Amino acid sequence: RRSAVSLRAPLSRAIMIRTSSLSRFFSARLSAKTPIRCFSVKNLHDTLGDQVPARQADLKAFKKDHGSKVVGEVTIDQVIGGARGVKCMLWETSNLDPEEGIRFRGYTIPECQQLLPTFEGPGGAGEPLPESLLWLLLTGEVPTKEQVDLVTAELHKRAELPPHVEPLIRGFSKDMHPMTQFSIALMACQTESKFAKAYQGGTAKAMLWEPALEDILDVFAKLPKIAALIYRCTFHDGVLNEDQSLDYSGNFSRMLGYTDPEFDELMRLYICIHSDHEGGNASAHTTHLVGSTLADPYLAYAAGLNALAGPLHGLANQEVLRWIQALQKDFEAKGMEVNEKSITDFAWETLNAGKVIPGYGHAVLRKTDPRYTCQREFALKYMPDDPLFKIVDTIYNVMPGVLTEHGKTKNPYPNVDSHSGVLLWRYGFTEYQYYTVLFGVSRAMGALSQLFWDRALGLPLERPKSVTPQWLKDHAAKN
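It should be emphasised that the depicted structure is a prediction, and the values quoted were computed from it without experimental measurement. (Residues numbered from 1 in each chain as written. Predicted model: local features only at pLDDT ≥ 70, side-chain atom pairs only at ≥ 80, totals over all residues. Heavy atoms only, no water.)

A. Highlighting the overall build of the protein chain. In terms of regular secondary structure, the protein chain is built from 21 helices and 5 strands. The C-alpha radius of gyration computed for the protein chain amounts to 25 Å, which stays within 12% of the reference 23 Å derived for 479 residues, consistent with globular compactness. Its C-alpha atoms give the protein chain principal-axis dimensions of roughly 85 × 60 × 50 Å. A burial count over the protein chain gives 48% of its 479 residues as buried. Across the protein chain, every contact between residues at least 6 apart in sequence was considered, and the portion connecting residues at least 24 apart equals 75%. Here the protein chain has roughly 23200 Å² of accessible surface; of this, 54% comes from carbon and sulfur atoms. Measuring between centres, the 52 positive side-chain charges of the protein chain sit 7 Å from its 55 negative side-chain charges. (Helix = DSSP H or I, 4+ residues; strand = E, 2+ residues; numbered from the N terminus. Rg over C-alpha atoms; globule rule 2.2 N^0.38 Å. Buried < 20%, exposed > 50% of the residue type's maximum accessible area, 1.4 Å probe, protein only. Contact = heavy atoms within 4.5 Å. Areas by Shrake-Rupley, 256 points an atom, 1.4 Å probe, with all protein chains shown as cover. Lys, Arg positive; Asp, Glu negative; His and termini not counted. Charge placed at Lys NZ, Arg CZ, Asp CG, Glu CD.)

Given below as structure tokens:
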């Protein structure tokens, strides 16, 4: 297969066509030196295969020429404080700027919404397909709709679970947390790992990217079915309906039990905006760390899911939704109207009681999270009169000013978690404890795309140096 190319060939190289009408057409185009589009589609494996050798050589040369140069310093605060801001990870797929938010391979979220193919076809005709973003994260290139359709078909083909996994999921206790089920079920699929088999078979290190890519596509393809089985068995009747005539997100929605096209669009948006957020977040970093041991992508991402299950990482949208609903219930009980004055008063009561406003602030961002903004735009388009959205929107109008005046928050603006729970609730998706599983389906796209390049570039085992408290005290005394 060849990528689409433009031909300006002289007549001596003209394509010989027997049909006279077509011959006259092509001759006229060639004599006028007008480009002719030869439509064929290069698939994902071939695209990456073309990139890998050059990228391997480039990194080797760069390391040789610049490996000893200093990137930055580390303070004692950073050593004690979770390595915040320490520049010590190589991450291909996204970059988080404090002022403008996330860029996926250099593209902002609004740019992705305009450029990446959609279910309807061209960019801007709806929310980007996750398959489009997967291609972008892996290759750094904006795909055509034809290339995205190939990815969709490939993922559907790879989605079948090993025969022992569905009975395992159906046998889980309904009291087991959905994220625990998710991690166990993915680990159980590891029997299918092509990477593990290739490594055991002695595949050269420089070629491990090929079985890694196989596993990565397999994992990403299987996650929706695993996630949907957990949802249907834990909260509903256990019946799973698929529709592979749809895209990745649409089929996921059907398996969850939702048939509203608006919900399909929400899933496309949700999966895309939660896919990647640099490499330092706990789930992405964990996937990278475990993958650096040459654990296969099943094991590496299962570890990432366990990090995502932690309350400080993947549970924030649940906490925000509970807080908003508690506010709504309190106002209704007191006969209070939701407006900017009442929300302002409520915010000050919360802060003066020593509590925090959930959904506001971010470890890196210093502006409104663009992931919040695109969810707000979705709500304005599809659910402008929803009562919970009206509360969220009123909070958005007043909270930055309150938090700025309060003076204890570095970033007084909303983050992604400030909105996502309200959108899910609007469509009847009310099972709080499951929300992190949706996050887990999404985050695979970024973490596993980076894992591909970890293996393609031969990145080594991650092993930072630790220091003892006494070493820090001695170092501080000497300096």
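B. Fine view of unusual backbone geometry. For Ala83, which is not a glycine, the phi torsion comes out positive at approximately 60 degrees. Along the polypeptide, Ala83 turns up in the loop between helix H3 (76-80) and strand S3 (94-97). Owing to a relative accessible area of 41%, Ala83 belongs among the partly exposed residues under this scheme. For Leu294, which is not glycine, the phi dihedral falls at a positive 70 degrees. One can find Leu294 in the loop between helix H13 (282-291) and helix H14 (297-308).

C. Region of interest: the state of the cysteines. Tallied over the entire structure, the rule returns 0 disulfides. Free of any disulfide, Cys189 has its nearest neighbouring cysteine sulfur in Cys233, separated by 14 Å. What makes Cys233 buried here is its relative accessible area of 11%. (Disulfide = S-S within 2.5 Å.)

D. Fine view of the side chain of Asp417. Position of Asp417 relative to the elements: it lies in the loop between helix H18 (387-406) and helix H19 (420-426). Buried charge Asp417 goes without a salt bridge, the closest partner of opposite sign being Arg371 at 6.3 Å. In contact with Asp417, other than residues within four places in its own chain, are Ala316, Asn317 and Val320. (Salt bridge = Lys/Arg side-chain N within 4 Å of Asp/Glu carboxyl O.)

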